[in-house]
Amino acid sequence: MDALDVGHPYSYFHLLIGNVGIGKDQRSNYYALESGNGTVDLSSVSAVTNQTAFLVARFTFLNGADIVDLWVNPLPGQPLPATPDATKTDVDTGIPTDFDFGGSIRTVFDEIRFGNSWEAVSPVN
């Protein structure tokens, strides 16, 4: 990964699902949920150059605005923590049909898992 301050004044990288970016915010060095309407819900966890992070996002689809929760570095194989690191409640994602990667710096996405439960996406070993 490039240095986090490449560009102006911050860089970004994210996985985009249903108009919600999941990753490092472009206005800070924190992991966040960002929507196409420009709203950002920051976690309190900073992204660090050359440090692997385990990000888990959960989409709860509702009539109208959906709920998107983000956990940063939850313990694999343990129950999902009750309190997420960030929550977004101001965007109707519809039914996502694809995903995309974006970034202003070189970033490695090691693995992506989709599932309908925490156990389906959290590595046990």
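The preceding data block contains the structure.
Report on the accompanying structure.

So, the nonpolar core
Core analysis: the largest hydrophobic core is formed by 14 residues, its most contacted members being Val20, Ile22, Tyr31, Leu33, Phe59 and Leu70. When contributions to this core are tallied by element, the ones reaching two or more residues are β1 (13-17), β2 (20-24), β3 (30-35), β6 (66-72) and β7 (86-91). The contact partners of Tyr31, leaving out residues within four places of it in the chain, are Phe13, Gly23, Lys24, Leu42, Ser43, Val45, Ser46, Ala47, Ala53, Leu55, Leu70 and Val72.

Overview of the pattern of salt bridges
Overall, the coordinates contain four salt bridges when judged by the stated rule. Lys88 is the salt-bridge partner of Asp41, the closest N and O atoms lying 2.6 Å from each other. Highlighted residues: Asp41 in strand β4 (residues 40-46) and Lys88 in strand β7, separated in sequence by 47 residues. Residue classification places Asp41 among the partly exposed residues on the basis of a relative accessible area of 23%. With a shortest N-O distance of 3.1 Å, Lys88 and Asp90 are connected by a salt bridge. Looking at Lys88, the relative accessible area reads 0%, which means it is buried. Here the salt bridges share partners, and the residues they tie into one network are Asp41, Lys88 and Asp90.

Conventions and cut-offs
Residues numbered from 1 in each chain as written. Predicted model: local features only at pLDDT ≥ 70, side-chain atom pairs only at ≥ 80, totals over all residues. Heavy atoms only, no water. Core = buried A, V, L, I, M, F, W, Y, C linked by side-chain atoms within 4.5 Å. Buried < 20%, exposed > 50% of the residue type's maximum accessible area, 1.4 Å probe, protein only. Helix = DSSP H or I, 4+ residues; strand = E, 2+ residues; numbered from the N terminus. Contact = heavy atoms within 4.5 Å. Salt bridge = Lys/Arg side-chain N within 4 Å of Asp/Glu carboxyl O.

These figures capture arrangement, not role.
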